[in-house]
Amino acid sequence: MAPPTAPVSAETPSIAATTETARPRDGRLTPAGLQTRETLLRRRLTFLALCTAMFAVLTWGIVSVFGAGGWVTTELIILTAFVLGAPWTILGIANAAVGMWLLHGRRGDAMEAAAPHL
């Protein structure tokens, strides 16, 4: 059974039209109009620093463990596989940590902080 659909009329404004009237485009906002470009840059740099620090600590740990008795080919292959595969795992962990902090670690309206567009 198909879900019911609402009729579209000429009077119904599009999402783009309501966004344009609700938020002025002065060049300082992101294309979605949810935040300033400076805020987005700060958030991205903070996330990059978090991921880079996690990657550096984990890589240092792997190098410390495997390099203790000298390097052999197997250990170098494992290190290479770790360095190539770890960024995706680290991005997932960092994303989950930030999401948990936004939803449970802040006071006030957590949903507004986590997803202002909803």
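Residues numbered from 1 in each chain as written. Predicted model: local features only at pLDDT ≥ 70, side-chain atom pairs only at ≥ 80, totals over all residues. Heavy atoms only, no water.

Draft legend 1. Structural context of the nonpolar core. In this structure, C51, F82, A86, I90 and A94 together form the largest nonpolar core, which totals five residues. Among the elements that line this core, the one with the most residues is helix α3 (residues 73-104), at four residues. Other than its neighbours up to four places away in sequence, C51 contacts I90, L91 and A94. (Core = buried A, V, L, I, M, F, W, Y, C linked by side-chain atoms within 4.5 Å. Buried < 20%, exposed > 50% of the residue type's maximum accessible area, 1.4 Å probe, protein only. Helix = DSSP H or I, 4+ residues; strand = E, 2+ residues; numbered from the N terminus. Contact = heavy atoms within 4.5 Å.)

Draft legend 2. Here's a closer look at α3. Taking 1.5 Å of rise per residue, 32 residues should cover 46 Å, and α3 covers 45 Å from first to last C-alpha, within 8% of that figure. Largest kink in α3: about 40 degrees, centred on A86, with the proline P87 one to four residues after it. (Expected span 1.5 Å × (residues − 1). Bend = angle between axes of the 7 residues up to and from the residue.)

Draft legend 3. Representation of the packing of helix α2 (residues 37-66) against α3. Contact geometry of α2 with α3 gives a least axis separation of 9 Å together with a crossing angle of 145 degrees. Crossing angle aside, the handedness with which α2 passes α3 is right-handed. For the contact of α2 with α3, the class distribution of residues is 20 nonpolar, two polar and one charged. (Axes fitted to C-alpha atoms, helices over the stretch in contact; angles between N-to-C directions. Left-handed = near helix turned anticlockwise from the far one by under 90°. Nonpolar A, V, L, I, M, F, W, Y, C, P; charged D, E, K, R; others polar.)

Draft legend 4. Seen up close, the side chain of T59. If you trace the backbone, T59 turns up in helix α2. Within polar-contact distance, the side chain of T59 engages the backbone oxygen of F55 at 2.8 Å. In this structure T59 touches F82 and V83, once residues within four positions along its chain are discounted. (Polar contact = N/O pair within 3.5 Å; in protein donor to acceptor, adjacent residues only side chain to side chain.)

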